[in-house]
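Structural overview
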Amino acid sequence: MSISLTDRLQSELQGLRDSGLLIHPRVLESPNRAHSRIAGQDVINLASNNYLGFADHPVIKERAAAYLRDWGAGAGAVRTIAGTMQIHEDFEEQLARFKHTGSALVLHSGFTTNQGVLGTVLKEGDVVISDELNHASIIDGLRLTKATKKIYKHADMDDLERALRENDTDGLKLVVTDGVFSMDGDIAPLDRIVAVARRYGAVTYVDDAHGSGVLGEAGRGTVHHFGFDQEDDVIQVGTLSKAWGVVGGYAAGHADLRELLINRARPYLFSTAQPPAVVGALSAAIDLVQEDPSFMKRLWDNTHYFKAEIERLGFDHLGSETPITPVIFGEASAAFEASRMLLDRGIFAVGLGFPTVPKDLARIRNIITAEHTREDLDQALAAYAEVGRELGVIR
Ligand SMILES: *Cc1c(COP(=O)(O)O)cnc(C)c1O
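This structure is a prediction, so every number in the text was calculated from the model and none was measured.

Turning our attention to the site of the ligand. Close to the ligand lie 13 residues; Gly110, Asp207, Thr239, Ser241 and Lys242 are nearest. The contact in question runs from a nitrogen atom of the ligand to an N or O atom on the side chain of His135, over 3.3 Å. At 2.5 Å from an oxygen atom of the ligand is found a side-chain nitrogen or oxygen belonging to Ser241. Contact with the protein chains hides 86% of the accessible area of the ligand, taken as 380 Å² for the molecule alone. Its residues assigned to classes, the shell around the ligand shows two nonpolar, eight polar and three charged.

A few words on the pattern of salt bridges. For the structure on display, the rule yields 24 salt bridges. Where Arg345 meets Glu390, a salt bridge forms, and the shortest distance between an N and an O atom there is 3.5 Å. In this pair, Arg345 sits in the loop between α14 (332–344) and β11 (347–348) while Glu390 sits in helix α15 (residues 374–390), placing the two residues 45 residues apart along the sequence. Here the salt bridges do not stand alone but share partners, grouping Arg33, Asp56, Lys61 and Glu371 into one network.

Phe354 connects to Pro355 through a cis peptide bond whose omega is 10°. The phi angle at Leu318 is positive, at roughly 60°, despite the residue not being glycine. On the secondary structure map, Leu318 appears in the loop between α13 (294–313) and β10 (324–330). Here Leu318 falls in the partly exposed class, since its relative accessible area comes to 29%.

Attention now goes to the domain arrangement of the protein chain. Along its sequence, the protein chain is organised into domain 1 (24–53 + 293–390) and domain 2 (59–291). Of note, the centres of domain 1 and domain 2, computed from C-alpha atoms alone, are 27 Å apart. Taken together, the contact pairs 22 residues of domain 1 with 22 residues of domain 2. Taking both sides of the interface into account, the surface hidden between domain 1 and domain 2 amounts to around 1,600 Å²; carbon and sulfur atoms contribute 64%. The interface formed by domain 1 and domain 2 includes one salt bridge. Its salt-bridge partner being Asp184, residue Arg363 comes within 2.6 Å of it at the nearest N-O pair. For the pair domain 1 and domain 2, the interface holds eight residue pairs in polar contact (both at pLDDT 80 or more). Among the elements of the structure, α13, β10 and β13 (362–367) are those that each provide at least two residues to the side of domain 1 that touches domain 2.

What counts as what
- Residues numbered from 1 in each chain as written.
- Predicted model: local features only at pLDDT ≥ 70, side-chain atom pairs only at ≥ 80, totals over all residues.
- Heavy atoms only, no water.
- Near = heavy atom within 4 Å.
- Polar contact = N/O pair within 3.5 Å; in protein donor to acceptor, adjacent residues only side chain to side chain.
- Areas by Shrake-Rupley, 256 points an atom, 1.4 Å probe, with all protein chains shown as cover.
- Nonpolar A, V, L, I, M, F, W, Y, C, P; charged D, E, K, R; others polar.
- Salt bridge = Lys/Arg side-chain N within 4 Å of Asp/Glu carboxyl O.
- Helix = DSSP H or I, 4+ residues; strand = E, 2+ residues; numbered from the N terminus.
- Buried < 20%, exposed > 50% of the residue type's maximum accessible area, 1.4 Å probe, protein only.
- Domains from an automatic or database assignment.
- Contact = heavy atoms within 4.5 Å.
- Buried area = accessible area lost by both parts, 1.4 Å probe.

Structure, rendered in structure tokens:
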């Protein structure tokens, strides 16, 4: 007799419950903003990826509404059948101009972009070398390829070079890294990664989900932050779901990249195009960040202020260099308790423990945004001071 679905579901859930890994997402009762509502309470939101405050921005919603009205609720088909509208083409041109790349293609999410691009570009006989802390969607994307997969130690150039030296091929060599790592908020040393990769004839692939709209002039991303521009041996992928405030993913780079993806990438070929309102919102987001430099300025002013004050209180933020600000509590139980205590004080910030982060480095991950006011940050810092002292993490 085979196991029943009931037994399977219950035993899986019990396993998660027993190891303390069962998740209950908190429900927002308002738009995702610097101030949101949770369980009937107004909270200062330090948990979102809404870096620029675009998720509920009126200018962006207005263009979304216009595209909804003029182009419809849905695209109606996958893009190769009848789903490609003029607005999809125009937005991709806008994105390529913004990124200074030869071409750009938009997919449904950052997650599917990694599946589509890695699954398309890599073939049997190729070698791919991936940072050990790369995002889950990269790991899943690599599972779709027959390329030889190697891991290098996080941001360790000697280890990357060793892997490149030991794994030569006549096929394509690809070095894969996040642009900004989402747990510690550190920036990949792309200047050195690209230099090492070039020495071995390898292409660099940057997943810039947390760097897009955050780093580089007007948020052009980590690649631009390091002074690279039109590079044919760098593939940039990223999300349109974080700083850009909506949903989607992009691949940008070599002039021929887009055309190959259109012909081969399975999420492009077998999944319906993005709805018009999403395209409208995204095109407005890319315009807005270039027209109004105050978004980037507020994001970074707030980031520098919050980090300096967290440090002054005596917390460890692991030297993070980006708006992602981990605050270390040690044991997972302490981080989860701190998250509950902060919520009691009107601060929404999520605790992360093992296996998401190393055992003794459980933390609360804060993401500072352009939308937070100085008062918001001061209120959050006051709550951190109380909670940190009560839990004995600071004095
Ligand atoms: C968030 C994230 C993704 C997924 O992006 P979505 O658009 O939300 O699917 C992919 N890669 C990295 C590095 C991320 O941080």
